[in-house]
Amino acid sequence: MKTLDPTDALAEPELAEASRRGRRPGRSAVRWLATSLAAMIAAAVLSICIGGQPSSLQEVWHALFTPDGTVMDVTVRELRWPRTVLAVCAGICLGLAGTLIQGHTRNPVADPGLLGINQGAALAIVTATALAGEAPALVQALLAFAGALAASVLVFAVGSAARHGATPVTLVLAGAAVTALCSGLVAGIVLLNDQALDTLRFWQVGSLAGHSDVLTVIWPFICAGAILAVLNIRPLNALALGSDAAVSLGISVFKARAAGIAAITLLAGSAVTMAGPIAFAGLLVPHITRTLTGPDYRWLIPLSAVTGATLLLLADTAGRVIARPGELSVGVVLAVVGAPFFVHLARRRRLATL
């Protein structure tokens, strides 16, 4: 007896369309993935070359492979290269987390912050600042990660306590409740403590500057989240057909959602730790990738990771160009560019849906 594969069921319309057009199924997705990888590499090169003082490709090569201590060597090796790596890692985390949260909640306007991750991180930071004073950047980053993890665990625990378990509706409601609770506590603390208010104001902007040392601490969590995201591909394709269909295909809905929430928590918590609460990246990336490849998570997951990295690299580089010799934070750039772009995506008639 042949075992049904949910990915085959999900891809049937695409397979039929591909047959009518006389091309191999998946070829378009492979082409988009290759194009996205090339775009990410180009964006990384731009990120390394562009700054307060532009550098040529030859200078970048010299700085990375044959440095001799010049000012440009130090600038590229100690500032631009770590920042570029951080942007790639944060973009991958946000892209994957956004795709997973929209898939599990069946909500096309959901983003990782829906699970209370951003507000949980903010609460941890302002509470520690109010009790112990301003902490170093690395300590703040680790506090943000701990707060994000705690908020996500609380959301999943509350959502799972409902009669029908952790359904998309209960997760969204639990996330809204925890977000409101954390927001209220944050507002109360910062009203009573000026130092906590100053710390929160600078952290909430969202920036990649000065956080490269965080990556050495949280890379295991990023790897674990990425692995869980890949393992979630088959369950997500099954859940896209409905919970009943997923159960008939041998998928445990509870385990699938638990693994998905764990991946979202690790990835989004890592992104918040590295760059603060960056808006729109986790919201835009899934829509862009679904428009390119369709609803099959076998392609959505890898393409979301690459697209997220490219988007964050371009936004960070644009911030350095627009406000030269200073810079705009990546959070500000994405908020300004992302809002109208998302409106454009939402108005498209052929926008891929969940």
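Residues numbered from 1 in each chain as written. Predicted model: local features only at pLDDT ≥ 70, side-chain atom pairs only at ≥ 80, totals over all residues. Heavy atoms only, no water.

**Some remarks on the pattern of salt bridges**
Taken as a whole, this structure holds five salt bridges when the rule is applied. With a shortest N-O distance of 2.7 Å, D316 and R83 are connected by a salt bridge. With D316 in helix α14 (residues 297–322) and R83 in helix α4 (residues 71–105), this residue pair connects regions lying 233 residues apart in the sequence. Considered together, D316 and R83 belong to a single accessibility category, that of buried residues. Each member of the salt-bridge network shares a partner with another, and the members are R83, D316, R320 and E327. (Salt bridge = Lys/Arg side-chain N within 4 Å of Asp/Glu carboxyl O. Helix = DSSP H or I, 4+ residues; strand = E, 2+ residues; numbered from the N terminus. Buried < 20%, exposed > 50% of the residue type's maximum accessible area, 1.4 Å probe, protein only.)

**Comments concerning the side chain of N237**
Among the secondary structure elements, N237 is positioned in helix α10 (residues 233–239). A residue is classified by how much of its surface remains accessible, and N237, at 0% relative accessible area, is buried. Here D296 takes part through its side chain, which lies 3.1 Å from a polar atom of the side chain of N237. Within the structure, N237 has its side chain in polar contact with the backbone nitrogen of Y297 (distance 3.1 Å). (Polar contact = N/O pair within 3.5 Å; in protein donor to acceptor, adjacent residues only side chain to side chain.)

**Comments concerning a nonpolar patch on the surface**
Taken together, the side chains of V205, I322, L328, V332, V336 and V337 define a hydrophobic patch exposed on the protein surface, amounting to about 490 Å² of accessible area. The element that contributes the greatest number of residues to the nonpolar patch is helix α15 (residues 330–347), accounting for three residues. One can find V336 in helix α15. Owing to a relative accessible area of 57%, V336 belongs among the exposed residues under this scheme. (Patch = residues over 30% accessible without salt bridge, like charges linked within 9 Å, V, L, I, M, F, W, Y side chains within 5 Å. Areas by Shrake-Rupley, 256 points an atom, 1.4 Å probe, with all protein chains shown as cover.)

**Describing the nonpolar core**
Membership of the largest hydrophobic core comes to 70 residues, with the highest contact counts inside it found for L100, W203, M274 and I278. With eleven residues, the top contributor of residues to this core is α4. Residues within four places of M274 in sequence aside, it is in contact with L86, C89, A90, C93, S207, H211, V214, L215, I218 and I222. (Core = buried A, V, L, I, M, F, W, Y, C linked by side-chain atoms within 4.5 Å. Contact = heavy atoms within 4.5 Å.)

**Quick look at the environment of G175**
By the secondary structure assignment, G175 is in helix α7 (residues 168–192). On the basis of relative accessibility, which here comes to 0%, the residue G175 falls in the buried class. Separated by 61 residues in sequence, G175 and L114 place their C-alpha atoms 5.6 Å apart. Apart from the residues lying within four places of it in its own chain, the contact partners of G175 are L114, L115, G116 and V155.

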